[in-house]
Amino acid sequence: MKTIFEDSFYGGLAGGLVGAAMLAFTDKPGDHLQNVGIGAGIGVIVGAVYGAVTTSKSLAEYDNGKVKFAIPTVRPEFREGNVKGQSNIVAMAELLRGKF
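Reading the values: the criteria
- Residues numbered from 1 in each chain as written.
- Predicted model: local features only at pLDDT ≥ 70, side-chain atom pairs only at ≥ 80, totals over all residues.
- Heavy atoms only, no water.
- Helix = DSSP H or I, 4+ residues; strand = E, 2+ residues; numbered from the N terminus.
- Buried < 20%, exposed > 50% of the residue type's maximum accessible area, 1.4 Å probe, protein only.
- Contact = heavy atoms within 4.5 Å.

Let us now look at the environment of Gly-51. Position of Gly-51 relative to the elements: it lies in helix 2 (residues 34–55). Residue classification places Gly-51 among the buried positions, given a relative accessible area of 0%. Each C-alpha atom, one on Gly-51 and one on Ser-8, is 7.4 Å from the other, the two residues being 43 residues apart in sequence. Residues in contact with Gly-51, not counting those within four places in the same chain, are Ile-4 and Asp-7.

Take a look at the structure:
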């Protein structure tokens, strides 16, 4: 949770800064102050999703006698061609990880 919170916080800060910078490109910046809040909100959501994706590695993890469930990280993998010369892109995800 610490990583997700930090990523959400920094995403909100970055989004708020981008929203504030967008005020420079409007005719009447005082009428568009909601852009700062909208940018911060989008940044929080993107930061939370990024934190959740980077911290979860497998569907189930066994560590020190405890089983934890999470959303697995899906990684694309490029595999070389077969006899016909065709290449494949495969989506890989870990289903189980553990320390015994």
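Once that is clear, we can look at the side chain of Asp-7. Its location among the elements puts Asp-7 in helix 1 (residues 2–22). Owing to a relative accessible area of 19%, Asp-7 belongs among the buried residues under this scheme. Excluding residues that lie within four positions of it along the chain, Asp-7 makes contacts with Gly-47, Tyr-50, Gly-51 and Thr-54.

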